[in-house]
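Chains, contacts and geometry: an overview
What follows is the residue order along each chain.
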2 protein chains.
Amino acid sequence: MYTAILANVARYVALTAAEQQAFTNQLQPQHVARHGLLQPAGPPVRYLAFVVRGCVRTYTTDARGREHVLAFAPEGWWSSNFTSALSAPRAYLSLQALEDTEVLLLRLDQLEELCLQVPKFERFFRLLFQNGYLLAQRRLTARAHLSAEARYARFCRHYPQLHQRVALKHIASFLGITPEFLSTLRGRQV
Amino acid sequence: MYTAILANVARYVALTAAEQQAFTNQLQPQHVARHGLLQPAGPPVRYLAFVVRGCVRTYTTDARGREHVLAFAPEGWWSSNFTSALSAPRAYLSLQALEDTEVLLLRLDQLEELCLQVPKFERFFRLLFQNGYLLAQRRLTARAHLSAEARYARFCRHYPQLHQRVALKHIASFLGITPEFLSTLRGRQV
DNA sequence: TTAATTTCTTAAACTAGTTTAAGGAGCGTA
DNA sequence: TACGCTCCTTAAACTAGTTTAAGAAATTAA
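Here the structure is a predicted model, which is why all the values come from computation and not from measurement.

**A closer look at the protein's contact with DNA strand C**
Residues in contact with DNA strand C, as listed here, are R66, A148, G176, I177, T178, E180 and F181 of chain A together with A167, L168, K169, E180 and S183 of chain B. At 2.8 Å, a backbone N or O of L168 of chain B approaches a phosphate oxygen of DNA strand C. Taking K169 of chain B, its side chain carries an N or O atom lying 2.7 Å from a phosphate oxygen of DNA strand C. Among the elements of the structure, α8 (179–189) of chain A together with α7 (168–175) and α8 (179–189) of chain B are those that each provide at least two residues to the surface near DNA strand C. When grouped by side-chain class, the residues that make up the surface near DNA strand C number five nonpolar, three polar and four charged.

What follows is the structure, encoded as structure tokens:
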């Protein structure tokens, strides 16, 4: 259950058995059926999710009710519903399971608590966010530099496994184009 | 010299006089003339910059030699040249002073060193990157949800001071449109 | 002051990507 | 097996934003 997440943390910081215990105590395991939404117990809050099995997509819904995919997270990846008030205050991102999925949830307040108890986690999450920041910037750059076709080619090269598992419409949304246009792009390449 | 940056750090963590000393010892002050590039002493590396006075833009240059602005940083803001290998490995972002500018530079290796010496900085930079990650995600969302016109309106509302100080072509690049098109957008609104 | 250079504006031709629409393919359910 | 549903594909009409070009305005330098 916790093997993968502990290995993930161990990439950056070495934990004692007691610290591992303190960590896993905070995590809420959740099983989410295909197409179901992730949500920790209690009122809606900010949280992180670590995907143990399956695949999750992070998305927003705009004023016209259209969804925009911001990220995918297969096994071993972190994801979060963090966002800031683009339209409404307390606007959270939604996380949906694209397959039968097993996740470990950590609310932001639990994260803060954990960092106070075990300062090593300040380091771990500093590096995690530092990396997330870098990836988000890379995607901004890609959108500025590359045509839709080049972005799709890059996506296929970078995430071949996702390309197989994830519906075309979600990939299109992630790339910032319509499903129809992605379909024509695919047609061209054959 | 260090008043502003210490106030900035104090928003998240309380430092002792000795810790303040350890922090400011690592910082490299640099004066950069208008249009000059920021760069810490030594070989090119990743670094953070805190703007004490003036204004900085962060940008990349693509294969065709065209620049794309990723961020602006006026007084009191942090900025960095972090990026990951979109095209070449060791591809850093460039930071340019848009006015006569005073910055404090902190190399990534110095940051790591500082975190080891004073663990409070793990917390500070964790929160700083967490926030940067959030802002980058917000910009990705804005680009998906909003038309160029709406993005420009939002930029003007959000950063009225920048709108006055920064050249139109840089704002256009930041918004992801051509200067010509931004110019027509401006014309329309009058 | 003039001259050189960069930046901004305007407008017309163009194109990457959208919209709309309709048909087909797959898939879960009864 | 057929029904309903969502997803994917194709194609034609359309549009937001680009490209090209040329002139006006603002900066910079001498």
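Picking up where we left off.
**Brief notes about the domain arrangement of chain A**
Residue and element names in this part refer to chain A. On domain assignment, one finds that chain A holds domain 1 (3–145) and domain 2 (147–190). Domain 1 puts 19 residues into the contact, and the matching count from domain 2 is 15 residues. Of the roughly 1300 Å² buried between domain 1 and domain 2, counting both surfaces, carbon and sulfur atoms make up 56%. Across the pair E99 and R165 runs a salt bridge, and its minimum N-O distance is 2.7 Å. Viewed at the interface, domain 2 and domain 1 are joined by nine residue pairs in polar contact (both at pLDDT 80 or more). Among the secondary structure elements, those contributing two or more residues to the side of domain 1 that touches domain 2 are β3 (55–61), β4 (67–74) and α4 (120–145). If you tally residues by element for the side of domain 1 that touches domain 2, the top one is β4, at seven residues. Among the residues forming the side of domain 1 that touches domain 2, the class breakdown is nine nonpolar, three polar and seven charged.

**So, the sheet that holds strand β1 (residues 28–32) of chain B**
Residues and elements named next belong to chain B. Pairing in this open sheet of four strands is antiparallel, and the strands run β1-β7-β2-β5 from one edge to the other. In the strand order of this sheet, the two ends are held by β1 and β5 (78–80), each with one partner. The sheet shows a mean angle of 35 degrees between the axes of neighbouring strands, direction not considered. Relative to strand β7 (residues 101–107), β1 runs antiparallel, the two being bridged by five bridges. Among the inter-strand pairings, H31 is bridged to a residue of β7, identified as E102.

**Structural notes on the sheet that holds strand β6 (residues 94–97) of chain A**
Residues and elements named next belong to chain A. One open sheet holds the three strands; their spatial order is β4-β3-β6, and the pairing between them is antiparallel. Only two strands of the sheet have a single partner each, and these edge strands are β4 and β6. Averaged over all neighbouring strand pairs, the angle between strand axes comes to 30 degrees, with direction disregarded. Sheet analysis places β3 next to β4, joined by seven bridges and oriented antiparallel. In the sheet register, V56 faces β4, and the bridge partner there is A73. Of the strands in this sheet, β3 and β4 touch helix α7 (residues 168–175), which is tilted by about 105 degrees from β4.

**Some points on the environment of V118 of chain B**
All names here are of chain B. Position of V118 among the secondary structure elements: in the loop between α3 (108–117) and α4 (120–145). Residues V118 and M1 lie 117 residues apart in sequence; the distance between their C-alpha atoms is 21 Å. Setting aside its immediate chain neighbours within four residues, V118 contacts E19 and A22.

**Section: the pattern of salt bridges**
Following the criterion strictly, the structure yields 22 salt bridges over all chains and no others. For E112 of chain B, the salt bridge goes to R123 of chain A, with nearest N and O atoms at 3.2 Å. Taken together, the residues E112 of chain B in helix α3 and R123 of chain A in helix α4 connect one chain to another. Residue classification places R123 of chain A among the partly exposed residues on the basis of a relative accessible area of 21%. One salt bridge connects E19 of chain B with K120 of chain B, and the closest N-O pair in it is separated by 2.9 Å. Taken together, the residues span a long stretch of sequence, with E19 of chain B in helix α2 (residues 17–26) and K120 of chain B in helix α4 at a distance of 101 residues. Residue E19 of chain B is classed as buried on the basis of its relative accessible area, which comes to 17%. Three or more residues are tied together by salt bridges with common partners; here these are E112 and E122 of chain A together with R123 and R126 of chain B.

**Here's the deal with the nonpolar core**
The biggest cluster of nonpolar side chains holds 51 residues, and the ones touching the most others in it are W78, F121 and F125 of chain A together with F23, W78, F121 and F125 of chain B. Among all residues touching W78 of chain A, those that are not within four sequence positions of it are I5, N8, F23, L48, A49, F50, A73, F124, F125 and L128 of chain A.

**A look at the protein's contact with DNA strand D**
Around DNA strand D, the surrounding shell holds 13 residues, and the nearest of these are L168, K169 and S183 of chain A together with A148 and T178 of chain B. The contact atoms of DNA strand D, taken as those within 4 Å of the protein, divide so that sugar and phosphate hold 76%. Contacts to DNA strand D include A148 of chain B, whose backbone N or O atom sits 3.3 Å from a phosphate oxygen. The residue inventory of the surface near DNA strand D, partitioned by class, reads five nonpolar, three polar and five charged.

**Side note on the packing of aromatic side chains**
Taken as a whole and assessed by the stated rule, the structure comprises 30 aromatic pairs over all chains. When the centroid spacing of 6.4 Å and the interplanar angle of 85 degrees are considered together, the rings of F121 of chain B and F124 of chain B count as edge-to-face. Separated by three residues within a single helix, F121 of chain B and F124 of chain B lie in helix α4, roughly one turn from each other. On the accessibility criterion, F124 of chain B (0% relative accessible area) is buried. An aromatic cluster is built from Y12, F23, F50, W78, F121, F124 and F125 of chain A, whose rings are joined through pairwise contacts. When the ring centre of F82 of chain A is taken as reference, the NZ or CZ atom of R46 of chain A above it lies at 5.9 Å.

Each value, and the rule that gives it
- Residues numbered from 1 in each chain as written.
- Chains lettered and ligands numbered in written order.
- Predicted model: local features only at pLDDT ≥ 70, side-chain atom pairs only at ≥ 80, totals over all residues.
- Heavy atoms only, no water.
- Near = heavy atom within 4 Å.
- Polar contact = N/O pair within 3.5 Å; in protein donor to acceptor, adjacent residues only side chain to side chain.
- Helix = DSSP H or I, 4+ residues; strand = E, 2+ residues; numbered from the N terminus.
- Nonpolar A, V, L, I, M, F, W, Y, C, P; charged D, E, K, R; others polar.
- Domains from an automatic or database assignment.
- Contact = heavy atoms within 4.5 Å.
- Buried area = accessible area lost by both parts, 1.4 Å probe.
- Salt bridge = Lys/Arg side-chain N within 4 Å of Asp/Glu carboxyl O.
- Pairing = 2+ DSSP bridges.
- Axes fitted to C-alpha atoms, helices over the stretch in contact; angles between N-to-C directions.
- Buried < 20%, exposed > 50% of the residue type's maximum accessible area, 1.4 Å probe, protein only.
- Core = buried A, V, L, I, M, F, W, Y, C linked by side-chain atoms within 4.5 Å.
- Phe/Tyr/Trp six-rings, centres within 6.5 Å; stacked < 30°, edge-to-face > 60°.
- Lys NZ or Arg CZ within 6 Å of the ring centre and 35° of its normal.

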